[in-house]
Amino acid sequence: MVGMKLIKSCISCLLFITLFTLISTSADAAINRYWIAIDDGATKYWSDNANWSNAQGGSGGYSAPLSNNYKVFFNDAGADVTVDKSIIRLNKLTIKHDYDGTIDLNGNELNPQQGYAQYSGTLLVSENSYFKVQGKAAYMYGGTIEAQGNNSKINIDHNFIFYTGSTVIAPGPGTNRFIVRGGFRNQGGTFTHSSGTVTMSTKNGWGEAMVKVTGTGAFYNIDFRGNVHKKLHTDIEVENNLEIRGNGDLRGNGKNITVKGYWWQQNNKNNFSHGNSTVIFSGSSAQTIKSENNFSNITISNSAGVSLINEPTTVLTTLTINSGSTLDINGENLTVGTLVNNGNLQLQGSETVNITTMDTDSGTVTYDGSGATGLVAGDTYHNLTFNQSGTSTLDANL
């Protein structure tokens, strides 16, 4: 009986090893295809066998790469490409240094399933096109990815990393048009947001996703979602709205987060870990903050005003209100370590306000509620304004 069990165990091991070998061999044995079409003024289509060779600089006439059995290379200066099949799934797509043409998806889907590398040229994700990278990271060492039109979409199912010399022109406004399922790392590249949203929906199983911006270009909207943490490795700027949803934290990691629209966190989700970071609200129109988490530092730099909505807010270290700016706590409770007030702190008077170190050397505190007994921000001020519909009664000397 022991011998039979041993034989069965060995057979199972051999079957597993054979299956693993077949899978590995299949991945390694992908067929190489090289784009060799010459620009002669005619439109060159992806599906035309005449445009493909099995070797760099070779002759054409080889089967066009239309499945994930193919690794595709654009190596030499050559003609632009027009994709003319609705869905093309490849093994890997590499655009090398010498290719200076444009690959136009032309309303179709292009899906490298074992990663993407680009050194030059332009990948054009035109109207109604979909570019999706799976399996491994998408790297850009040069060249351009450009989304155009109202329905173009980009989905990087892994890390997206682009370096100096590369340019990313994102899809415009709309839901789920630019999704990154790993980290987002602009390491010297140029990013144009096109007033769209980058959705960082990192896949389960990742320990942590990196957000790093050392190149040029801010986000317009950024939506952090999912159950995996995202950690800032540089300061970031968001020209409109920042949203955090799901169980994965946004980890501030001591960096500055500049937001010019609203800050919104999903109800009952403590998914912002400040890490001694500073959040700067610097929009030119009214902004709102909805958060159940503690902040380390907040700076208000908006003459149109910033308001709290729906949640009490705690600023553990320093709340700074710049000259000409207003923070309206809007009936919500506020706890602050140190207040540096060069502008206006506005409250109704019915809130609970705890400020450990109050700024009494500058700034204004404005009460605009219906009146109350006692002043919730204390009894010592630099400038004090009442703009109430009712009457406030002092409970101590002012």
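Just above sits the structure.
Here is a short report on the structure shown in this document.

Reading the values: rules and limits
- Residues numbered from 1 in each chain as written.
- Predicted model: local features only at pLDDT ≥ 70, side-chain atom pairs only at ≥ 80, totals over all residues.
- Heavy atoms only, no water.
- Helix = DSSP H or I, 4+ residues; strand = E, 2+ residues; numbered from the N terminus.
- Rg over C-alpha atoms; globule rule 2.2 N^0.38 Å.
- Buried < 20%, exposed > 50% of the residue type's maximum accessible area, 1.4 Å probe, protein only.
- Contact = heavy atoms within 4.5 Å.
- Areas by Shrake-Rupley, 256 points an atom, 1.4 Å probe, with all protein chains shown as cover.
- Patch = residues over 30% accessible without salt bridge, like charges linked within 9 Å, V, L, I, M, F, W, Y side chains within 5 Å.
- Salt bridge = Lys/Arg side-chain N within 4 Å of Asp/Glu carboxyl O.
- Lys, Arg positive; Asp, Glu negative; His and termini not counted.
- Charge placed at Lys NZ, Arg CZ, Asp CG, Glu CD.
- Polar contact = N/O pair within 3.5 Å; in protein donor to acceptor, adjacent residues only side chain to side chain.
- Pairing = 2+ DSSP bridges.
- Axes fitted to C-alpha atoms, helices over the stretch in contact; angles between N-to-C directions.

Here we look at the overall build of the chain
Phase 1 of the analysis: Helix and strand counts for the chain stand at one helix and 40 strands.
Phase 2 of the analysis: Its C-alpha radius of gyration of 28 Å places the chain more than 25% over the 21 Å reference for a compact globule of 398 residues.
Phase 3 of the analysis: Expressed along its principal axes, the backbone C-alpha trace of the chain runs to roughly 90 × 75 × 30 Å.
Phase 4 of the analysis: The buried share among the 398 residues of the chain stands at 47%.
Phase 5 of the analysis: When contacts within the chain are restricted to residue pairs at least 6 apart in sequence, long-range pairs at least 24 apart make up 24% of them.
Phase 6 of the analysis: Element-wise, carbon and sulfur atoms account for 45% of the exposed surface of the chain, whose accessible area totals about 17500 Å².

Regarding a negative patch on the surface
Phase 1 of the analysis: On the surface, Asp 39, Asp 80, Asp 98 and Asp 100 cluster together to form a negatively charged patch.
Phase 2 of the analysis: Note on placement: Asp 98 falls in the loop between strand S6 (92-95) and strand S7 (102-104).

Focus: the environment of Asn 186
Phase 1 of the analysis: Relative to the assigned elements, Asn 186 resides in strand S18 (residues 184-187).
Phase 2 of the analysis: With relative accessibility at 0%, the residue Asn 186 sits in the buried group.
Phase 3 of the analysis: With residues up to four places along the chain from it excluded, the contact list for Asn 186 reads Phe 162, Phe 191, Lys 212, Val 213, Thr 214, Gly 215 and Thr 216.
Phase 4 of the analysis: Within the structure, Asn 186 has its side chain in polar contact with the backbone nitrogen of Gly 189 (distance 2.8 Å).

Comments concerning the sheet that holds strand S30 (residues 278-281)
Phase 1 of the analysis: A sheet is described by the order of its strands in space; here seven strands give the open sequence S24-S27-S30-S32-S34-S36-S38, paired in parallel fashion. Each edge of the open sheet is held by one strand with a lone partner, namely strand S24 (236-238) and strand S38 (353-357). On average, each strand axis in the sheet is tilted by 25° relative to the strand beside it, whichever way the strands run.
Phase 2 of the analysis: As paired strands, S30 and strand S32 (residues 294-300) are joined by four bridges and run parallel to one another. Within the sheet, the bridge partner assigned to Phe 281 lies in S32 and is Ile 300.

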